[in-house]
Structures are given as structure tokens and as C-alpha cells.
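Now for the letters of each chain:
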Amino acid sequence: MKIENTLILLFALILSYSCQSDKDNRPKYESSTFVGSAACQSCHEEQFKGWKDSHHDQAMKIADSTSILADFNNVSFTNKTITSRFFRKGNDYFVNTQGEDGKYHDYKIEYTFGFTPLQQYIVKFPDGKYQCLQTAWDSKKNQWFDLQPNLEIKPNEWIHWTGGGLRWNSACADCHSTNLEKNFDSKLSQYNTTFSEIDVSCEACHGPSSSHVNFYKNNTNSDSENLTPPTMNMSKALSSKELVDQCARCHSRRNQITKVYDYSGTFMDHYEPSLLINPLYELDGQIRDEVYVYGSFIQSKMHQAGVVCSNCHEPHSQELRAPGNAVCAQCHMPSRYDNQQHHRHTPDSTGAQ
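All figures in this text were calculated on a predicted structure; none of them were measured in a lab.

Novice: Would you take a moment to explain a nonpolar patch on the surface for this structure?
Specialist: Where nonpolar side chains cluster on the molecular surface, the patch consists of Leu151, Trp158 and Ile159 and spans about 310 Å² of accessible area. Within the fold, Leu151 resides in the loop between strand E9 (143–146) and helix H4 (168–171). What makes Leu151 partly exposed here is its relative accessible area of 37%.

Novice: Would you explain the packing of aromatic side chains in this entry?
Specialist: The way to describe two aromatic rings as a pair is by their centre distance and the angle between their planes. Overall, the coordinates contain 22 aromatic pairs when judged by the stated rule. Ring geometry for Phe72 and Tyr93: centres 5.3 Å apart, planes at 85°, overall edge-to-face. With a gap of 21 residues between them, Phe72 in the loop between strand E1 (60–62) and strand E2 (75–79) and Tyr93 in strand E4 (residues 92–98) connect regions that are remote in the sequence. Using a relative accessible area of 6% as the deciding quantity, one classes Tyr93 as buried. Pairing Tyr130 with Trp168 gives two aromatic rings, centres 5.5 Å apart and planes at 75°, and the pair type is edge-to-face.

Novice: Even after reading the chapter, I still don't get the nonpolar core, so can you show me in this structure?
Specialist: Buried together is how nonpolar side chains tend to be arranged in soluble globular proteins. Phe72, Ile109, Tyr121, Trp144 and Trp168 are the most contacted members of the largest nonpolar core, which has 30 residues in total. When residues of this core are traced back to their parent elements, those giving at least two are E2, E4, strand E5 (104–113), strand E6 (118–124) and strand E7 (130–132). At four residues, E5 tops the list of elements feeding residues into this core. Excluding residues within four positions of it along the chain, Tyr121 makes contact with Ile68, Leu69, Ala70, Phe72, Ile109, Tyr111, Thr112, Gln131, Cys132, Leu133, Trp137 and Trp144. Counting residues in each nonpolar core, the second largest holds 12 residues, with Val244, Ala248, Tyr271 and Tyr294 among its members.

Novice: Just checking my understanding: could you explain helix H8 (residues 240–248) for this structure?
Specialist: Note that an α-helix has 3.6 residues per turn; residues three or four places apart therefore point the same way. Counted residue by residue, H8 has seven buried out of nine residues, so it is predominantly covered. All of the buried residues in H8 are Glu242, Leu243, Val244, Asp245, Gln246, Cys247 and Ala248.

Novice: Looking at this structure, how should I read the environment of Phe297?
Specialist: Relative to the helices and strands, Phe297 resides in helix H10 (residues 294–297). What Phe297 contacts, discounting residues up to four positions off in sequence, is Val244, Met302, His303 and Val307.

Novice: Explain the pattern of salt bridges to me, please; I cannot follow it from the model alone.
Specialist: Proximity of charged atoms lets side chains of opposite charge pair with each other. Summed over the entire model, instances satisfying the criterion amount to eight salt bridges. If you follow the salt bridges from partner to partner, you end up with Asp57, Lys61 and Asp199 in one network.

Novice: How do you make sense of the state of the cysteines when you look at a structure like this?
Specialist: The bond known as a disulfide is covalent and runs between the sulfur atoms of two cysteines. In total, this model carries one disulfide according to the counting rule given. Disulfide pairing places Cys175 opposite Cys250 at an S-S distance of 2.5 Å. Judged by the sign of its S-S torsion, about -100°, the bond between Cys175 and Cys250 is left-handed. With a gap of 75 residues between them, Cys175 in the loop between H4 and strand E10 (184–185) and Cys250 in the loop between H8 and strand E12 (254–256) connect regions that are remote in the sequence. Looking at Cys202, it has no disulfide partner, and the nearest cysteine sulfur is the one in Cys40, 3.9 Å off. The buried category is assigned to Cys202, whose relative accessible area is 19%. No disulfide involves Cys312; its nearest neighbouring cysteine sulfur is the one of Cys328, lying 6.7 Å away. Assessed through its relative accessible area of 24%, Cys312 is described here as partly exposed.

Novice: What is the right way to read unusual backbone geometry from this model?
Specialist: The bulk of non-glycine residues show a negative phi, and the bulk of peptide bonds are trans. The omega torsion across Thr116 and Pro117 is 5°, close enough to zero to call that bond cis. Note on placement: Pro117 falls in the loop between E5 and E6. At the junction of Asn278 and Pro279, the peptide bond is cis and its omega measures out at 10° in the coordinates. Residue position: Pro279 is located in the loop between strand E13 (271–273) and H10. One non-glycine residue with positive phi stands out, namely Tyr263, at about 65°. Inspection of the secondary structure assignment puts Tyr263 in the loop between E12 and helix H9 (267–270). One non-glycine residue, Asp348, adopts positive backbone phi at about 70°. By the element assignment, Asp348 lies in the segment after helix H14 (340–343).

Novice: Explain the pairing of E5 here, please?
Specialist: In regular strands, side chains alternate between the two faces of the sheet. Relative to E5, E1 is paired through three bridges, and the arrangement is antiparallel. Pairing of Met60 across the sheet is with Phe113, part of E5. In this structure, E4 lies alongside E5, joined through five bridges in antiparallel fashion. Across the sheet, residue Val95 finds its bridge partner in E5, namely Tyr107. Linking E4 back to E5 in an antiparallel pair, the connection comprises five residues, with Gly102 at a positive phi of about 85°. In the sheet, E5 pairs with E6 via four bridges, with the strands oriented antiparallel. Residue pairing across strands places Thr112 opposite Tyr121, the latter belonging to E6. Between E5 and E6, which pair antiparallel one after the other, the connecting turn spans four residues, and Gly114 there sits at a positive phi close to 75°.

Reading the values: the criteria
Residues numbered from 1 in each chain as written. Predicted model: local features only at pLDDT ≥ 70, side-chain atom pairs only at ≥ 80, totals over all residues. Heavy atoms only, no water. Patch = residues over 30% accessible without salt bridge, like charges linked within 9 Å, V, L, I, M, F, W, Y side chains within 5 Å. Areas by Shrake-Rupley, 256 points an atom, 1.4 Å probe, with all protein chains shown as cover. Salt bridge = Lys/Arg side-chain N within 4 Å of Asp/Glu carboxyl O. Helix = DSSP H or I, 4+ residues; strand = E, 2+ residues; numbered from the N terminus. Buried < 20%, exposed > 50% of the residue type's maximum accessible area, 1.4 Å probe, protein only. Phe/Tyr/Trp six-rings, centres within 6.5 Å; stacked < 30°, edge-to-face > 60°. Core = buried A, V, L, I, M, F, W, Y, C linked by side-chain atoms within 4.5 Å. Contact = heavy atoms within 4.5 Å. Disulfide = S-S within 2.5 Å. Pairing = 2+ DSSP bridges.

Put into C-alpha cells, the structure is as follows:
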């Protein structure tokens, strides 16, 4: 009995230490609130300039002439038995397509979703639900296309554009806006989803920043040099694993297991990542479906060596640190690896990249 009690106590101590050690470098946000990206611009002009019009900035926008890329000049697109017509009424954008009742209706486009390589469009439904159209715009080929071209989907199916599979509130919103709260009422089957900024802004990654902003507003430059400012989320104090897990919040195929992401705990406290299974991944674990990199990256030699996302990607613009193979040549000697003897492909071909 004494041995059993000792083992239980030892296990409890290990568990307690493990949980605590994962959070040592994480800031506390109980007293901080969201202030918006405009509050960051004056002190972080270079970062703000890189972020402006980036994939994060364009993650979601109000649908208007500046954000919509697709052709809404009374054009039609047909897939299987469904024909959708895209048109305008004054300054508003509409689609006429099959609804949840199987009949055709006009739907107003409320929001754009992303911008390249494709842009999706969101329609408002009753009970606070927002649905993403199954027909999207290929912003590279400049043409409409169907997200499920090989399927004939019925209105009563979950993956119909009016169903749960393409519901913005539950399937997409957490990663495309800042301070997103789904606010689903299971008894009424209603949403009251809110966000502080429509896109992926500064605080989506760095957390609520009122304490940070107020620290520099209330202290002169000479004062602040002798004081410790509030710690921001995704700071340089994070280990490589912690930093990758911060990006994994959105750059992974996963299910959310908490009602809201509150910048506390670890990635696994809020999300359950998909396993490396077929058809999501190739048999060797490489990317096959839309899995957003994380699952493959954490099993790589780069991750084991401490390489992080920002070693290759500038975090604010999301652009590569260098063009083409030069981004790899930051660590891998070009003379040894960027040649035909190593990669066995014709120079400058796709295989040589």
C-alpha cells in the first residue's frame, strides 16, 4: 500500500510539474483586453506594413468592390445539376442558387473569405448562421469552380453548402478573425458569433494588448527602459516547440475542444490534431489533403533540430525569407544540395525546387 501511495504521489507531482512547465513562458491575460491593430501601427510601422494586405489581413473582409475578386457580372456556373448565377444589385453582390429547401433563391454575399489561390463567399442565414458557398473563385485562373466537383450533393446532406460542413461559425471562423467567440446556444441551435476584428490581426497571434499599449503610453522612453513591459504572446522567450504550437492553432488539421481560445495553456489544451492517416496524409506522413502543414512538420528533422516557422516565413507578411531555393540555402549549403547531382532533376525545373 505504501508503494502504491508513493507511486500515486509521484505521478501527481510529475503531472503537475509537466503542466506547469508547459506554461512557464506564457503570459497571463486576465487584465488585458483587445484594442485593435490600429493601436499597434504607430510603434510597429514596419511589421504593420508587412501585415497589411497579407494573407492574414485578407483572411476575411466585408464584401464590396474592393474585396471581391470574382466575376459577378450576371455570369452562371454549372456543376452537375446545379447552376448558380452571380450578379449585382447596386453596390451589393448576390448569387442565385439552390437553397436548403431544394429551391432556387437569391442570396446576398456578406463577406469574402481569403483571396488566393481561391476566394470563398459567405451568406447570412437565420439563427446567426453564416454559410460558405460551395462555388468559389479561382483567383489565379480567374474562373469559378466547385469545391466538390465530383459529388452530386443533396440539400439535406451535411456537406451541402447550407449545412454544417460549410458553416462559417463552426468550421472556419476561429482561424480567420481575431478574438473569435462562436457563442453557440445548443438548446436553441443559434449562434451569436462575435469577433473584435474581422481579419487575422496583430492580436490574433500576440493576444489582447491593452496592458502592453498602456505600459508605453503611461511611461516615457527613459522610464520604460528600467521597467519590465507586459509579456506578449508569441514572444522571443518561447521555445521552438512552443512557437510552432502557437502557429499550429490555425495551421493544422484539428478539432477545437474548448469553447474559445483564451491564449492560456498549450495547443493540446484547446485542439485535437488529426492523426497522420489516409487520405489526409501520404503513407510516409507527407501532406496529401488540406492539412495545413503542422502534422507533417512536427515529424520532420527540421522540427527536431529546433527550426521554427519564422525561420522560413516572415511572420507578418507571410512571405518566404528568400526566393526559391535560397530559403533552404539559409541552412543547407547550395554547393552541396542545390545542384543536379543531389536532387537529380533538371536545373530550374519543378523537381529541382
